[in-house]
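Spelled out from the first residue to the last, the chains are:
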Amino acid sequence: MNITAAEFVMSNSDVKKCPKPDKPEYAFIGRSNVGKSSLINMITNNKNLAKTSSKPGKTQLVNHFLINKEWYLVDLPGYGFAKVAKNTKQRFSRLIFKYIESRPNLVNLFVLVDSRHEPQSKDTEFMEWLGINGIPFSIIFTKTDKLTKRKLAENLEAYKKMMLESWEEMPPYFISSSSNGLGKDEILNYIEETIKMTRE
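Quick summary incoming for the structure in this document. These numbers were taken from a predicted model, which means no experiment stands behind them.

## Structural notes on the nonpolar core
Part 1: Tyr99, Ile100, Leu109, Val111, Phe126 and Leu130 are the most contacted members of the largest nonpolar core, which totals 30 residues.
Part 2: Every element with two or more residues in this core is listed here: strand S2 (25–30), helix H2 (94–102), strand S5 (106–114), helix H3 (121–132), strand S6 (137–142) and helix H4 (149–163).
Part 3: When residues of this core are assigned to their parent elements, the largest contribution, five residues, is made by H2.
Part 4: Membership of the second largest hydrophobic core comes to 24 residues, among which are Phe28, Leu73, Leu112 and Ile187.

If you want it as structure tokens, here you go:
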């Protein structure tokens, strides 16, 4: 897929005000400071599309962008710096859950994970909730340029081992770097393929 047009549509804190669900939708979410905005800007060829900040948790709203006039890219608030409660669902913004549960056109949720770190409970619990609720998702390992090939391979293997303790198979995943563009083609090809599937 070649992105020729990426335009901001709206930001809001009320899911009911999101665009009409008449186009395939792909959302991006992850812990604060995982590199989500940089990744979105990388895959859309627009350095200013998603706002980047040195302060974690900058994204506070559901942000919709229209890509190539045919599908929506959604930048969701990050999680990780908010106070947490025992109940898993309360650990994440109500806005995030309401969005995920109510968008019938959500084709895939990309869950971003920092490749430099060991599996985090907030990530794995969130993905477990997605699986239980039948939400299609895939994983994007970010900041892979910060690791040696050997360390990256070790970290990915550890993640796979942990995931397979509770999953029958590893969800689709991608290796990325906003610095050198790694993973861009694979992510866009995946989006293109799944859009075609929605039309069949």
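There's more to say after this.
## Quick notes on the sheet that holds strand S4 (residues 71–75)
Part 1: Spatially, the seven strands line up as an open sheet ordered S1-S3-S4-S2-S5-S6-S7, and their pairing is mixed. Every other strand in the sheet has two partners, leaving strand S1 (6–12) and strand S7 (173–175) as the edge strands with one partner each. Each strand of the sheet is rotated relative to its neighbour by a mean of 25°, with strand direction disregarded.
Part 2: For S5 and S6, the ladder comprises six bridges, and the chain directions are parallel. Bridging from a neighbouring strand, phenylalanine 110 pairs with serine 138 of S6.
Part 3: Against the sheet, H3 contacts S2, S5 and S6, and its axis sits at roughly 165° relative to S5.

## Structural notes on helix H5 (residues 184–199)
Part 1: Between its terminal C-alpha atoms H5 stretches 23 Å, which fits the 22 Å expected from 16 residues at 1.5 Å a residue.
Part 2: Listed as buried for H5 are Lys184, Ile187, Leu188, Tyr190, Ile191, Thr194 and Ile195. Buried residues along H5 cover an arc of 155° about the axis, so they all sit on one side. Those residues of H5 that are exposed and angled more than 90 degrees off the buried face are Asp185 and Met197.
Part 3: On the buried face of H5, the contacting elements are S2, helix H1 (36–43), S4, S5, S6 and S7.

## Side note on the side chain of aspartate 114
Part 1: With respect to the helices, strands and loops of the structure, aspartate 114 is situated in strand S5.
Part 2: When its relative accessible area of 10% is taken as the criterion, aspartate 114 is described as buried.
Part 3: Side-chain polar atoms of aspartate 114 contact the side chain of arginine 116, separated by 2.8 Å.

## Details of the packing of aromatic side chains
Part 1: Within the structure shown, the criterion is met by 12 aromatic pairs.
Part 2: Here phenylalanine 8 and phenylalanine 65 contribute two aromatic rings whose centre-to-centre distance is 5.8 Å and whose plane-to-plane angle is 65°, an arrangement assigned as edge-to-face. Here phenylalanine 8 is found in strand S1, whereas its partner phenylalanine 65 is found in strand S3 (residues 62–67), with 57 residues between them in sequence.
Part 3: On the accessibility criterion, phenylalanine 65 (3% relative accessible area) is buried.
Part 4: Consider the rings of phenylalanine 97 and tryptophan 129, whose centres lie 4.3 Å apart with planes at 85°: the pair is edge-to-face. In this pair, phenylalanine 97 sits in helix H2 while tryptophan 129 sits in helix H3, placing the two residues 32 residues apart along the sequence.
Part 5: On the basis of relative accessibility, which here comes to 3%, the residue phenylalanine 97 falls in the buried class.

Thresholds applied
- Residues numbered from 1 in each chain as written.
- Predicted model: local features only at pLDDT ≥ 70, side-chain atom pairs only at ≥ 80, totals over all residues.
- Heavy atoms only, no water.
- Core = buried A, V, L, I, M, F, W, Y, C linked by side-chain atoms within 4.5 Å.
- Buried < 20%, exposed > 50% of the residue type's maximum accessible area, 1.4 Å probe, protein only.
- Helix = DSSP H or I, 4+ residues; strand = E, 2+ residues; numbered from the N terminus.
- Pairing = 2+ DSSP bridges.
- Axes fitted to C-alpha atoms, helices over the stretch in contact; angles between N-to-C directions.
- Contact = heavy atoms within 4.5 Å.
- Expected span 1.5 Å × (residues − 1).
- Arc of directions from axis to C-beta.
- Polar contact = N/O pair within 3.5 Å; in protein donor to acceptor, adjacent residues only side chain to side chain.
- Phe/Tyr/Trp six-rings, centres within 6.5 Å; stacked < 30°, edge-to-face > 60°.

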